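If you want the building blocks of each chain, they are given just below.
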Amino acid sequence: MTTHYKNIALVGASGSLGSKVLDSLLKQGKHNITVITRTASTATFPDTVNTVKVDYSDTTDLEAALAGQDVMVIMLAFAGLHDEEGIIEAAGRAGVQYVIPSEYGLPSRGPMAEEALSLSFMQGKYALHEKITSLGMKYVIVATNSWLDWSLTYNALGIDATARTATLYTDSIAFNTTTLPQIGRGIAKFLALPRETIDKQFANGFLYLSSFKLTQPELFQAVLAATRTKESDWQIERTSFETLIEEGNKKVSEGDVIAGSIDVVHGITFKAGDYSEEVHNDMLGLEQEDLGEIVRNALSISA
């Protein structure tokens, strides 16, 4: 008898995160995987994966695609989040038991969430949690904080390695941050846990993942080592995370909601982003990653 939830549906499996989750599930080899993708998508998937193309606005097709699935993992890009509620409603009608919604960032409870309550997207998260439970399903929220490798590649977290510019938040606490492959491995290993473990420890709760705990200036030192540069090679500004939060809230108030929210979230991360006491890495058997290797790969630098 299968002790874990066997049938897993992935929505958004071709994206930056989704591809890592799919890859880890395939390597693990313990699940029946159905990838649900948009009708217009040109993404391709291995033959071992059941691929279903649907119009996300066609709830009948979505419900049929989700029939028989135990868990649905949603990994939509920001631009596609408007489809999430309809997908969740179809999952409820199809009898899906668990939903992992498309969050994968700051935890939507605890000190960081309290700091971010003014942001509209936080209220949207809570509404989706209520939607999931109202439809008779359970949710598991995956908390990761910023994606370290993605952030370095796309010049986030105050560091632009291409332009050799950095804004250092010298009062940054040591915060948790997670790489995309680590999130993929973590979700795959979580889905292989016994049903009773998930039901007792995670139902309508949180899975906390992490790769490293470090301050933002410590991350900059790792970038210096990877790029074989010194501080004098860079244009550096030093300030406080409070400045970043203030500037982000100002952008939001002026209508630049996405950029402003990102600034606020990063500021909150530097201020209160330590959830190390909650991390489930050991429980899942996740190995420690090498920071230097992660930074070099993110910046496409040879060792």
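Look up a bit, the structure's there.
Presented here is a report on the structure given in the accompanying data block. (Residues numbered from 1 in each chain as written. Predicted model: local features only at pLDDT ≥ 70, side-chain atom pairs only at ≥ 80, totals over all residues. Heavy atoms only, no water.)

Structurally, Thr-177 is set in strand E9 (residues 175–177). In this structure, the C-alpha to C-alpha distance between Thr-177 and Thr-153, residues 24 residues apart in sequence, is 14 Å. Thr-177 has contacts with Thr-144, Asn-145, Ser-146, Trp-147, Leu-148, Ser-210, Ser-211, Phe-212 and Leu-214, leaving out every residue within four places of it along the chain. (Helix = DSSP H or I, 4+ residues; strand = E, 2+ residues; numbered from the N terminus. Contact = heavy atoms within 4.5 Å.)

This part is about the side chain of Asp-149. Mapped onto the fold, Asp-149 is located in helix H6 (residues 148–153). Comment: no salt bridge for buried Asp-149; closest opposite-charge side chain is Lys-20, at 6.4 Å. Residue contacts for Asp-149: discarding those within four places in its chain leaves Thr-178, Thr-179, Leu-180, Pro-181, Ile-294 and Ala-298. (Buried < 20%, exposed > 50% of the residue type's maximum accessible area, 1.4 Å probe, protein only. Lys, Arg positive; Asp, Glu negative; His and termini not counted. Salt bridge = Lys/Arg side-chain N within 4 Å of Asp/Glu carboxyl O.)

A separate point is the sheet that holds strand E2 (residues 32–38). If you trace the seven strands from one edge of the open sheet to the other, you get E3-E2-E1-E4-E5-E6-E10, paired in parallel fashion. One side of each edge strand has no neighbouring strand; the edge strands of this open sheet are strand E3 (50–54) and strand E10 (205–208). Sheet twist, expressed as the mean angle between neighbouring strand axes with direction ignored, is 25°. Inspection of the sheet shows strand E5 (residues 98–100) paired to strand E6 (residues 138–143) by two bridges, in the parallel sense. Within E6, the residue paired with Val-99 across the bridge is Tyr-139. Seen against the sheet, helix H3 (residues 84–94) touches strand E1 (7–11), strand E4 (71–74) and E5 and runs at an angle of roughly 175° to E4. (Pairing = 2+ DSSP bridges. Axes fitted to C-alpha atoms, helices over the stretch in contact; angles between N-to-C directions.)

Below, the discussion takes up the environment of Gly-248. Here Gly-248 lies in helix H10 (residues 241–253). On the basis of relative accessible area, Gly-248 is assigned to the buried category, the value being 0%. For Gly-248, the contacting residues outside a window of four places in its chain are Gly-260, Asp-263 and Val-264.

With that settled, consider the packing of helix H1 (residues 18–28) against helix H7 (residues 180–191). Here H1 crosses H7 at 45°, and the two axes come no closer than 8 Å. Here H7 runs oblique to H1, going by the angle between their axes. Of the two elements, H1 crosses H7, and the hand of that crossing is right-handed. Residues Lys-20, Val-21, Ser-24, Leu-25 and Gln-28 of H1 touch H7, and the partners they reach there are Leu-180, Pro-181, Gly-184, Arg-185, Ile-187, Ala-188, Lys-189 and Leu-191. For the contact of H1 with H7, a count of residues per class yields seven nonpolar, three polar and three charged. (Parallel < 35°, antiparallel > 145°, perpendicular 65-115°, else oblique. Left-handed = near helix turned anticlockwise from the far one by under 90°. Nonpolar A, V, L, I, M, F, W, Y, C, P; charged D, E, K, R; others polar.)

A separate point is the pattern of salt bridges. Counting across every chain of the model gives 14 salt bridges. Here Glu-231 ties to Arg-238 by a salt bridge, and the two come within 2.9 Å at their closest N and O atoms. Classification of Glu-231 as partly exposed rests on a relative accessible area of 30%. For Arg-238, a relative accessible area of 48% translates into the label partly exposed. Where Glu-254 meets Lys-250, a salt bridge forms, and the shortest distance between an N and an O atom there is 2.6 Å. In this structure Glu-254 comes out as exposed when scored by relative accessible area, which is 55%.

A separate point is the pairing of E2. Most of E2 sits inside the fold, with five of its seven residues counted as buried. As for the winding sense of the linkage, the β-α-β connection from E1 through H1 to E2 is right-handed. (Right-handed = clockwise from strand over helix to strand, strands pointing away.)

We now examine H3. For H3, the set of buried residues is Glu-84, Ile-87, Ile-88, Ala-90, Ala-91, Gly-92 and Ala-94. Close packing links the buried residues of H3 with E1, helix H2 (59–66), E4, E5 and helix H5 (120–134). With its phi angle positive at about 90°, Gly-95 sits one or two positions after the end of H3.

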